[in-house]
Amino acid sequence: MDNTANTHHQIQLLITIVDYSLGHRFIDIYKKSEIPISLILHGNGAASSEIYDILGFGEPKKAIILSVLTETMAQQMLHDLHVKMELNKPGTGIAFTISLSSCSSILSQACSTSESKAQMEREEIHMMQNEPYDLILSIVSGGLFNEVMDVAKAAGATGGTLVHARGVGSEEAAKFLGITIQPEKDIVMILSPHEKRQKIMEAITHEFGLSTDGKGICFSLPVSAALGLGTHTI
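Residues numbered from 1 in each chain as written. Predicted model: local features only at pLDDT ≥ 70, side-chain atom pairs only at ≥ 80, totals over all residues. Heavy atoms only, no water.

Draft legend 1. Structural context of the packing of helix α1 (residues 23–32) against helix α3 (residues 71–85). Packing of α1 against α3 leaves a shortest axis separation of 11 Å and a crossing angle of 135°. Regarding the angle of α1 to α3, the classification is oblique. Two packed elements cross with a definite hand, and for α1 against α3 that hand is right-handed. Residues Arg-25, Phe-26, Ile-29 and Tyr-30 of α1 form the contact with α3, whose own contacting residues are Met-77, Leu-81, Lys-84 and Met-85. (Axes fitted to C-alpha atoms, helices over the stretch in contact; angles between N-to-C directions. Helix = DSSP H or I, 4+ residues; strand = E, 2+ residues; numbered from the N terminus. Parallel < 35°, antiparallel > 145°, perpendicular 65-115°, else oblique. Left-handed = near helix turned anticlockwise from the far one by under 90°. Contact = heavy atoms within 4.5 Å.)

Draft legend 2. The arrangement of the nonpolar core in detail. Counting residues in hydrophobic clusters, the biggest one holds 20 residues, and the most contacted among them are Leu-14, Phe-26, Tyr-30, Leu-69, Met-77, Leu-81 and Ala-95. For this core, the elements supplying multiple residues, two or more each, are β2 (11–19), α1, β4 (61–70), α3 and β12 (225–227). Among the elements that line this core, the one with the most residues is α3, at six residues. For Met-77, the contacting residues outside a window of four places in its chain are Leu-14, Ile-29, Tyr-30, Ser-33, Ile-35 and Leu-69. (Core = buried A, V, L, I, M, F, W, Y, C linked by side-chain atoms within 4.5 Å. Buried < 20%, exposed > 50% of the residue type's maximum accessible area, 1.4 Å probe, protein only.)

Draft legend 3. Representation of the packing of helix α5 (residues 145–154) against helix α7 (residues 194–208) in the model. Axis separation between α5 and α7 bottoms out at 8 Å; the angle between their running directions is 140°. The orientation of α5 with respect to α7, classified from their angle, is oblique. The two elements α5 and α7 cross, and the hand of that crossing is right-handed. Contact residues: Glu-147, Val-148, Val-151 and Ala-152 in α5; Ile-200, Ala-203, Ile-204, Glu-207 and Phe-208 in α7.

Draft legend 4. Region of the structure containing the pairing of strand β9 (residues 161–166). Across two bridges, the pairing between strand β3 (residues 37–45) and β9 is antiparallel. Following the sheet pairing, Asn-44 is matched in β9 by Leu-162. Relative to strand β10 (residues 184–193), β9 runs antiparallel, the two being bridged by six bridges. Bridge pairing in β10 links Arg-166 to Glu-184. (Pairing = 2+ DSSP bridges.)

Draft legend 5. Expanded view of unusual backbone geometry. A positive phi angle, near 60°, is found at Glu-34, a position not held by glycine. As for its position among the elements, Glu-34 is in the loop between α1 and β3. In the Ramachandran plot, Lys-215 falls in the positive-phi region, its phi being about 45° despite a non-glycine side chain. With respect to the helices and strands, the residue Lys-215 is situated in the loop between α7 and β11 (217–222). The exposure class of Lys-215 is partly exposed, given its relative accessible area of 29%.

Draft legend 6. Highlighting the pattern of salt bridges. Inspection of every chain in the model, using the stated rule, returns two salt bridges. For the salt bridge of Lys-62 with Asp-19, the shortest nitrogen-to-oxygen distance reads 2.5 Å. Of this pair, Lys-62 sits in strand β4 while Asp-19 sits in strand β2, placing them 43 residues apart in sequence. Of the two residues, Lys-62 and Asp-19, both sit in the buried class. For Asp-134, the salt bridge is made with Arg-197, and the minimal N-O distance between the two is 3.8 Å. One end of the pair, Asp-134, is in strand β8 (residues 133–141); the other, Arg-197, is in helix α7, with 63 residues separating them in the sequence. For Arg-197, a relative accessible area of 21% corresponds to the partly exposed category. (Salt bridge = Lys/Arg side-chain N within 4 Å of Asp/Glu carboxyl O.)

Draft legend 7. Looking closely at the packing of aromatic side chains. Here the structure, examined in full by the defined rule, presents zero aromatic pairs. Sitting over the ring of Tyr-20, Lys-61 keeps its end group 4.2 Å from the ring centre. (Phe/Tyr/Trp six-rings, centres within 6.5 Å; stacked < 30°, edge-to-face > 60°. Lys NZ or Arg CZ within 6 Å of the ring centre and 35° of its normal.)

Here you go:
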């Protein structure tokens with residue numbers, strides 16, 4: 001078994017959320033760039049298909065791609081996605097990175113080896129953003145996505161993505177928290193400017209927290225760099 005270990009190559013998680021019809025194009029870019037680890041999930045956007053059609057924002061079904069790579073490769077991938085997929089255009093999609101505090105030694109080695117083999121541009125690439133962002137993750141009882149988004153938008157959120165999941169409860173959770181983990185769960189992902197994070201999280205927790213029918217929990221992660229939000233420069 002590998003021990004969890006830090007590495008001199010900062011490892012990051014690159015999360016890309018795009019219209020499902022574009023998913024294969026993004027995956028092709030990742031394959032050509034020899035990204036060592038990528039997973040694809042199916043999700044849904046916050047708006048109805050009619051609203052998406054009217055606004056020209058694509059479709060509500062989303063492809064969510066999770067990739068583990070070094071910070072250098074993450075910066076290169078954000079640059080490539082900006083150039084090749086024009087994520088700066090509204091409705092195309094978003095991509096952002098989250099720094100990982102540690103990872104297994106095998107994963108670290110795979111990422112470092114992939115970076116060494118990749119034919120990347122060597123000039124320094126800067127992905128700047130005018131304001132810091134946070135990824136808000138809310139896990140609530142299944143079927144509450146639209147209600148959560150209504151509350152989140154009233155608190156300042158501009159959109160969100162749904163991923164279906166199943167909860168696994170325990171006797172300890174029921175004993176100490178006084179809750180029963182329901183099997184069907186909605187994971188709501190919201191990318192928010194840092195200054196709006198607290199208000200959004202408080203609103204969601206008030207309406208869907210553990211003491212409500214939503215039986216939900218809410219937490220956030222700091223975003224290192226973001227693309228597709230109209231706030232970045234390269």
